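Now for the letters of each chain:
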Amino acid sequence: MRIALSLLITLFLVAGCPPTVGPDDPVLDADGDGVVDDSDQCADTPEGAEVDADGCADSQLDGDGDGVADDVDECPTTPAGADVDANGCADSELDSDDDGVTDDIDECADTPADTIVNAVGCPDADGDGVTDSDDDCSDTPAGEEADADGCADSQRDSDNDGVTDDIDECPTTPVGMNVDEEGCPVSEPGTPDTDGDGVPDDIDQCEDTPADATVDANGCPDADGDGIDDTLDDCPDTPEGAEVNLEGCADSQIDSDDDGVTDDVDVCDATPSGATVNADGCPDSDGDGVFDNADNCADTPAGEAVDANGCPTGGGGGNGTTSVCGNGALESGEACDDGYTDACGSCNADCTGAGSGSTCGDGVVCPETEGCDDGYADACGSCNADCTGAGSGSTCSDGDVCPETEECDDGNQANGDGCDEDTANGGNCTATACGNGVLTAGEECDDGNTEAGDGCDAACTDSYHLLASTPSDAVVSYECKHTVTGDDDCPSDAYDADYAYTVSLDNVGHTEGNPVEAVGTAFQDGNPQAAVVNQLTGPEYPILTFDVSNLVAILDPQTPRFSLTVFEGINDESETLFLGLFSWYP
């Protein structure tokens, strides 16, 4: 009885103990890694390898799904879908030239060490964001915003008046005018204001402004009072007091990155085309559900769960209850997720089905497949032919028409042959036509438009022949005589210093004996170049005769033009007797 009881107790104890699992047990741990087979997710672990709780060694894992095992993956958090090298690294994780710009966006891959670079990894000595080879102003002051040519307002003088744009209060002053230290035209004392717009005639570029019209410093209509002539103003309803650019637009009227948020409130001013943004104009670049202006961890790997600051919390993002379209991880309720929230890639905008795809040259940048898209499928514009990077640009007169910037290109610099290059003045590359701003054979003038009444009419013929006079029946005559012989055999095609030139005005209604003063202004292509003030010679009654030799002499010998304004009386008692514009062809 005692022996039977002992045997029973022994059997009970043996049956109640778990079996011992060892590396040699062929049934419970086939690969001998210490994890029983029914829990082992990696059944053929190499002998001696360290494993995790699931029985997997690093050589059997690929945590970021890039095709490179974790034991040799030098970049273990590669974004989903990225192409990688043999070390498991994507271009977005590499910086081959060690310039601080990752290879996926580095346009200058072999930048020398210690070189200052811009956002695309290219040399930028003055740090203005423009690559040195494209920078027209290589010494832009630190902190000043530069344009596409690398020049800040303090380095530009857009109207060539000697006053830089940063302090120029009158940014569209016509060429040749005298200006004050703020860049605004300066009038001679006592000059009348014929159209009553508050701008004296000698600096008034719009002589017949309607009464009560709001005008700019040049006397031209400016309905919103922003200092930009209405004919040049792209934003005619600028809010009062707002600063504007040369096109008359304030930041509140501009959306430079075309994201639907105006520049005055846009915190992220270079948003990629097509990106979804918040009210501050910021996208969610890493697709973690937190917009860039609130994201403290800007490069969160795809699929990572994040906190309110956009930083990983340590949990996964692909198997939770909430799916995030655009994070690159295929989650519950999604048919696809290409890492973007637009429809132009492989997945549509709400991750429910296939995307529409992208077409290089359609003008819409698809960030999934394109680095740029200027609307053309050639390389001569701002984007190359396959929309992967910068284009080669175009050169006027190289014989290749670049439709992004040129109307034509016949491979030469001649004008009037169907394509006007005019490289000396900026390189037009526009079709020969009246109004393109290039003076060619058959044109008496070309002021860049086909408007009448501005000195050059719609047919590009001179329209300076007596535009206005007071009184309207004034008679104008011209005369030139040889200074030695006195003969009036005037040269027909050029100014000649051996001749004296006069203009006579009859029937202008002056009072004989009263003092008379004349103001003459020389014009070139519609712009005042110089002025001769005060009486040119004593008047002869009843016809007023003025010597204009010195005025004509300062003009282009082939196309001398001038205006003449005559006053009776002096100072505040003066009365305009005659106001006229003429063409003078000696």
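Going by the structure above, here's the rest.
Residues numbered from 1 in each chain as written. Predicted model: local features only at pLDDT ≥ 70, side-chain atom pairs only at ≥ 80, totals over all residues. Heavy atoms only, no water.

### Here's the deal with the overall build of the chain
Secondary structure assignment for the chain yields 2 helices and 11 strands. Traced from its N-terminal end to its C-terminal end, the chain shows the element sequence α-β-β-β-β-β-β-β-β-β-α-β-β. Scored against the burial criterion, the 586 residues of the chain give a buried share of 35%. Intrachain contacts of the chain at a sequence separation of at least 6 include 24% that bridge at least 24 residues. Of the accessible surface of the chain, which amounts to about 31,500 Å², a share of 50% is contributed by carbon and sulfur atoms. (Helix = DSSP H or I, 4+ residues; strand = E, 2+ residues; numbered from the N terminus. Buried < 20%, exposed > 50% of the residue type's maximum accessible area, 1.4 Å probe, protein only. Contact = heavy atoms within 4.5 Å. Areas by Shrake-Rupley, 256 points an atom, 1.4 Å probe, with all protein chains shown as cover.)

### Examining the pattern of salt bridges
Charged atoms that come close allow side chains of opposite charge to pair. One pass over the structure, following the stated rule, counts 3 salt bridges. Linking Arg156 and Asp147 is a salt bridge whose minimum nitrogen-to-oxygen distance equals 2.9 Å. Measuring nitrogen to oxygen at the nearest pair gives 3.6 Å for the salt bridge that ties Asp165 to Arg156. Since its relative accessible area comes to 15%, Asp165 is described here as buried. (Salt bridge = Lys/Arg side-chain N within 4 Å of Asp/Glu carboxyl O.)

### Here's the deal with the state of the cysteines
A full pass over the atoms with the stated rule returns 18 disulfides. Each disulfide pairs two cysteine sulfurs, and for Cys268 the partner residue is Cys282, the sulfurs being separated by 2.0 Å. Between Cys268 and Cys282 the disulfide shows an S-S torsion of about 85 degrees. By sign, it is right-handed. In this pair, Cys268 is assigned in the loop between α1 (2-15) and β1 (304-306) and Cys282 in the loop between α1 and β1, connecting sequence segments 14 residues apart. Residue Cys282 is classed as buried on the basis of its relative accessible area of 0%. Across a sulfur-sulfur distance of 2.1 Å, Cys344 and Cys366 are joined as a disulfide pair. (Disulfide = S-S within 2.5 Å.)

### Some points on the environment of Asp286
Topologically, Asp286 is positioned in the loop between α1 and β1. On the basis of relative accessibility, which here comes to 13%, the residue Asp286 falls in the buried class. In sequence terms Asp286 and Asp299 are 13 residues apart; their C-alpha atoms lie 5.7 Å from each other. Those residues in contact with Asp286 that lie beyond four places of it in its chain are Asp295, Cys297, Ala298, Asp299 and Thr300.

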